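Close look at the chain arrangement
Chain by chain, the residues:
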Amino acid sequence: MKVPDAQRPACGTDPLEGARILRRGGLVAFPTETVYGLGGDARNLEAVRRIFAVKGRPAGHPLIVHLSSVDAVTEWAADWPEAADKLAAGFWPGPLTLILRKHTSVLPAVTGGQDSIGLRVPSHPLALNLLQFFGGGVAAPSANRFGHISPTTAQHVLDDLGDSVDYVLDGGPCQVGVESTILDLSTDEPVLLRPGSISGDEIERVLGRKLTATPASTRAPGALPQHYSPRARVVLAGEDELSRCAEREAAAGARVFVLSQTRPADLPLGVLWRELPLEASEAAHELYATLRSLDTEGADVVVACPPGAVGIGTAVADRLRRAAGLGNLPEAP
Ligand code: TXA
Ligand code: MG
């Protein structure tokens, strides 16, 4: 019996149903340990085109292909360097995306016309079940409108993309909360393109060599200066400048929130404070949900103090800089 569209379950917890929809060329939002992805069959051009359309994402921006295990990489990558082998053994399934030279069979639409492809095996059990049941590669950007912050709950996905998705697989809040670490292995030098919960230091230890810290050049949308942004304007300030900066913004009539790990003692009247947890992994876990809630509460300006750039704190600081339109982290000294 055909189920009328209006009765179609938009949200559920059944990865088998998700896999069926993917096989029919539909779009399934699914949880990963980092953020929710907007998935489609990476071998189906119509599905891939719909991902770009639903997100409002420019065609030149490549998608990550998600796989159920490292065994599938030969169908997607033209070569598999020793470094990739070490990193996959060390961190997959997990929040690390590897950029490799792409296999000739990969649809150009997936890679935004580039010769390279991003691959990752996520560790969230529902994501792995979905990928195993589906049996192929799932192209999936973060399941948000282009330029907005990534979703870390099923409700965030519904808020951003609503019924333009065929099914939302609900796996609860994402454990990590910021997107995967991206490492480019498609050229001679490994390059860290996006910091995440797997730090550069951890990667260096596994590779037994130093990394190039700053993206040399990339067409990755995550590398655009203004990306991962809430509706409110984000302004960065050091701990001792927070109150002065917030006062200046509030004087101009804006509804101002300060987002920092410790509450400034001299918070100006009318300025509200929101805590960024001291523990960097908790800060990452809560960052996007907090920014979304500040939008809901009508914030015009968020004056934020990024945490120290250590471990996953680097990724949190990076996303706050990007939300503020300041782009990538400056090169380490
Ligand atoms: O944690 C994550 O990586 C999440 C979950 C869903 O897996 N996905 C995600 O996808 O953040 P997206 O599309 O929002 O960000 C992926 C980043 C983009 O900046 C994209 O340009 C970059 O990866 N990327 C993908 N393929 C690439 C390639 N071949 N070369 C360079 N950058 C690439
Ligand atoms: Mg994204």
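Read on for an overview of the structure. Positions within a chain are numbered from 1, following the residues in the order the chain's sequence is written. All chains are assigned letters beginning with A, and all ligands numbers beginning with 1, in the order in which they are written. Side-chain atom pairs in this predicted model are given and counted only at pLDDT of 80 or more, local residue features only at pLDDT of at least 70, and totals for whole chains, interfaces and linings cover all residues. Side-chain measures were taken over the full set of non-hydrogen atoms in the model, leaving aside hydrogen atoms and water.

Within the secondary structure, Arg194 is located in strand β10 (residues 191–194). With a 1.4 Å probe rolled over the protein chains alone, any residue whose accessible area is under 20% of its type maximum counts as buried; one over 50% counts as exposed, and the rest are partly exposed. When charges are counted, neither His nor the chain ends are considered; positive counts come from Lys and Arg and negative counts from Asp and Glu. Criterion for a salt bridge: a side-chain nitrogen of Lys or Arg within 4 Å of a carboxyl oxygen of Asp or Glu. With no salt bridge to any partner, buried Arg194 finds its closest opposite charge in Glu179, at an N-O distance of 5.0 Å. Polar side-chain contacts of Arg194 include one of 2.9 Å to the backbone oxygen of Ser180. The contact criterion used is simple: two residues touch if any of their non-hydrogen atoms lie within 4.5 Å. For Arg194, the contacting residues outside a window of four places in its chain are Ile64, Glu179, Ser180, Thr181, Ile182, Tyr228 and Arg319. Strands here are runs of E lasting at least two residues and helices are runs of H or I lasting at least four, both read from the DSSP assignment and numbered beginning at the N terminus. Contacts described as polar in this section are N or O atom pairs within 3.5 Å, which, within protein, must combine one atom able to donate a hydrogen with one able to accept it, while residues neighboring in sequence count only if both atoms come from side chains.

The relative placement of two aromatic rings is captured by the distance of their centres and the angle of their planes. Paired rings are identified among Phe, Tyr and Trp, the last through its six-membered ring, by centres lying within 6.5 Å, and are further divided according to the angle between planes into stacked (under 30 degrees), edge-to-face (over 60) and tilted (the rest). Summed over all chains, the structure comprises 1 aromatic pair. Centroid distance Trp80 to Trp92: 6.0 Å. Interplanar angle 35°. Geometry classified as tilted. One end of the pair, Trp80, is in the loop between β4 (64–66) and α3 (82–91); the other, Trp92, is in the loop between α3 and β5 (96–101), with 12 residues separating them in the sequence. Trp80 gets classed as partly exposed once you look at its relative accessible area, which sits at 24%.

This part covers the pairing of strand β12 (residues 256–260). For β12, a buried count of 5 out of 5 residues is recorded, marking the element as mostly surrounded by other parts of the structure. One ladder, built from 4 bridges, connects β12 with strand β14 (residues 301–304); its direction is parallel. Across the sheet, the residue bridging to Leu259 is Ala304, located in β14. At least two bridges found by DSSP between two strands are what make those strands a pair. Pairing geometry for β12 and strand β13 (residues 272–275), over 4 bridges, is parallel. Each bridged residue has a counterpart across the sheet, and for Ser260 the counterpart in β13 is Glu275.

A few words on the state of the cysteines. Cysteine sulfur atoms that come within 2.5 Å of each other are treated as a disulfide pair. Tallying each qualifying case throughout the model produces 0 disulfides. Cys245 provides the cysteine sulfur closest to Cys305, a residue in no disulfide bond, and the two sulfurs are 11 Å apart. On the basis of relative accessible area, Cys305 is assigned to the buried category, the value being 12%.

Under the defined criterion, the tally for this structure stands at 13 salt bridges. It is possible to trace a salt-bridge network through shared partners that takes in Glu179, Asp318, Arg319 and Arg322.

Take the sheet that holds β14 next. Taken together, 4 strands build an open sheet; the order of strands is β11-β14-β12-β13 and the sheet is parallel. In the strand order of this sheet, the two ends are held by β11 (233–236) and β13, each with one partner. Going across the sheet, the axis of each strand differs from the next one's by a mean of 25°, ignoring polarity. Here β11 runs beside β14; their pairing, made up of 4 bridges, is parallel. Considered in β14, the bridge of Val234 is made with Val302. The angle between two axes is taken between their N-to-C directions and runs from 0 to 180 degrees, where each axis is a line fitted to C-alpha atoms and a helix contributes only its stretch in contact. This element, helix α8 (residues 280–296), spans β12, β13 and β14 of the sheet and lies at about 170° to β12.

Moving on, we get to unusual backbone geometry. Here the residue pair Trp92 and Pro93 is connected by a cis peptide bond, since its omega of -10° sits within 30 degrees of zero. In this fold, Pro93 is placed in the loop between α3 and β5.

Shape descriptors only; they carry no functional weight alone.
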